[in-house]
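# Coordinates in review
Residue-level listing of the chains:
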Amino acid sequence: MSTRCVSLDLGGFLSRLGSASSLVSGAYLFIHYALLVAYIARSSDIVTNAVGIPLWVSATLFTSTLGGLCYFGSQRVIGVVNGGLVVGILGSFGLLVTVGSSGLDFNSLLTANWVAVPHSIPVIALAFVYQNVVPVVTTSLEGDLPKIRTAVVLGTGIPLVLFLIWNAVILGTSSSLVDPSGAVQAISDPLLRLRSASGIVAPTVEVFSFLAIATSFIGFVLGLSDFLCDLLKIPGGGRRSPLPYLLTLIPPMFLALTSRDIFYQALDFAGTYGVLVLFGILPAAMAWSERYSGICLPPSVKPIVPGGRLTLAFFIGAAGFVITSEAISKLLP
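Our subject in this report is the structure included herewith.

Thresholds, definitions, all that
Residues numbered from 1 in each chain as written. Predicted model: local features only at pLDDT ≥ 70, side-chain atom pairs only at ≥ 80, totals over all residues. Heavy atoms only, no water. Helix = DSSP H or I, 4+ residues; strand = E, 2+ residues; numbered from the N terminus. Axes fitted to C-alpha atoms, helices over the stretch in contact; angles between N-to-C directions. Parallel < 35°, antiparallel > 145°, perpendicular 65-115°, else oblique. Left-handed = near helix turned anticlockwise from the far one by under 90°. Contact = heavy atoms within 4.5 Å. Phe/Tyr/Trp six-rings, centres within 6.5 Å; stacked < 30°, edge-to-face > 60°. Buried < 20%, exposed > 50% of the residue type's maximum accessible area, 1.4 Å probe, protein only. Expected span 1.5 Å × (residues − 1). Arc of directions from axis to C-beta.

This paragraph deals with the environment of Leu-243. Within the secondary structure, Leu-243 sits in helix α10 (residues 242-256). In this structure the C-alpha to C-alpha distance between Leu-243 and Leu-228, which are 15 residues apart in sequence, comes to 8.9 Å.

Axis separation between helix α3 (residues 55-72) and helix α9 (residues 201-231) bottoms out at 10 Å; the angle between their running directions is 50°. Regarding the angle of α3 to α9, the classification is oblique. Regarding α3 and α9, the two cross each other, and that crossing is right-handed. Seen from α3, the contacting residues are Phe-62, Thr-63, Leu-66, Gly-67, Leu-69 and Cys-70; seen from α9, they are Phe-210, Ile-213, Ala-214, Phe-217, Ile-218, Val-221 and Leu-222.

The next subject is the packing of aromatic side chains. Using the criterion set out here, one finds 10 aromatic pairs in the structure. A centroid spacing of 5.1 Å and a plane angle of 70° characterise the contact between Tyr-71 and Tyr-245, whose relative ring orientation is edge-to-face. Linking Tyr-71 in helix α3 with Tyr-245 in helix α10, this pair joins segments that are 174 residues apart in sequence. What makes Tyr-71 buried here is its relative accessible area of 16%. Here Tyr-245 falls in the buried class, since its relative accessible area comes to 8%.

Turning our attention to α10. Between its first and last C-alpha atoms α10 spans 21 Å; for 15 residues at 1.5 Å apiece the expected length is 21 Å, and the two agree. Buried residues of α10: Pro-244, Tyr-245, Thr-248, Leu-249, Pro-252, Met-253 and Ala-256, and no others. Projected down its long axis, α10 shows its buried positions confined to an angular sector of 135°, all on one face.

For helix α7 (residues 145-172), spanning 28 residues, the distance from its first C-alpha to its last is 39 Å, which sits close to the expected 40 Å at 1.5 Å a residue. Among the residues of α7, Ile-148, Trp-166, Val-169, Ile-170 and Gly-172 are the ones counted as buried.

In short, geometric facts, not functional conclusions.
Right under this line is the structure:
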């Protein structure tokens, strides 16, 4: 059998394009910088509203404190701090669900707006991005496939349950947002609904939001600084080199101060153009190229996801459709 086959499919086309490392690196940087901008912007708002200091001071304090922890702190110290933040998140989340569910209207959960589904996909995709930690999980579990599958399923399933509970509380209280004329009141931030439910909810929402942002911020600072060390080829991994951390922290801090509404804009852009490209289109295109590029060698790993070309084409097409529709909607008045 010949080791080379003639192929005119997508895989052959991609292989002729050459390396996609620049595209992948760009998408990775885009996601991390966009989310760091969102985290700094939102946390600065919370601190400013709480203590009344200028926004730029809040942004500087938040960025320098947690950035300093990532730079100066050992893995053990960072783990202890992050663990304490997670405990605070679970406690405040439980309180919010308990208070918010007191006025839950189950009939509201039966109401659906399917037109809004495509616009929600980028945020949903952003909420469940975990692929960048799979290599760490694989190394920690020493390549044990059953344990890796368990970690991935539980690591995705538990946040999914919390995500569904949270959405049920928000959507289940939407009936109180209808005015006497029957029109639904527009709310840009669903947390505003909970803030008006009880006196204890407002500060709890702020605590929950701040702690959730802080844990995510620590992870993204460590991930992006490590990536920049490799990108800049800094010797020794750059653990004590300040340059990767300065490049990680300073640009998003200044961008976060450009607009008070940049939090939602950054989340939308990261989910639409970053996550759907890096974790939607590219993995399916890489699998297509590996399987059907025309190199007639038996695959070293049996495909886990069934469906072949149809499944891969679906993921590429679906992600491409969402990206295109979102881009068009932003261009049109």
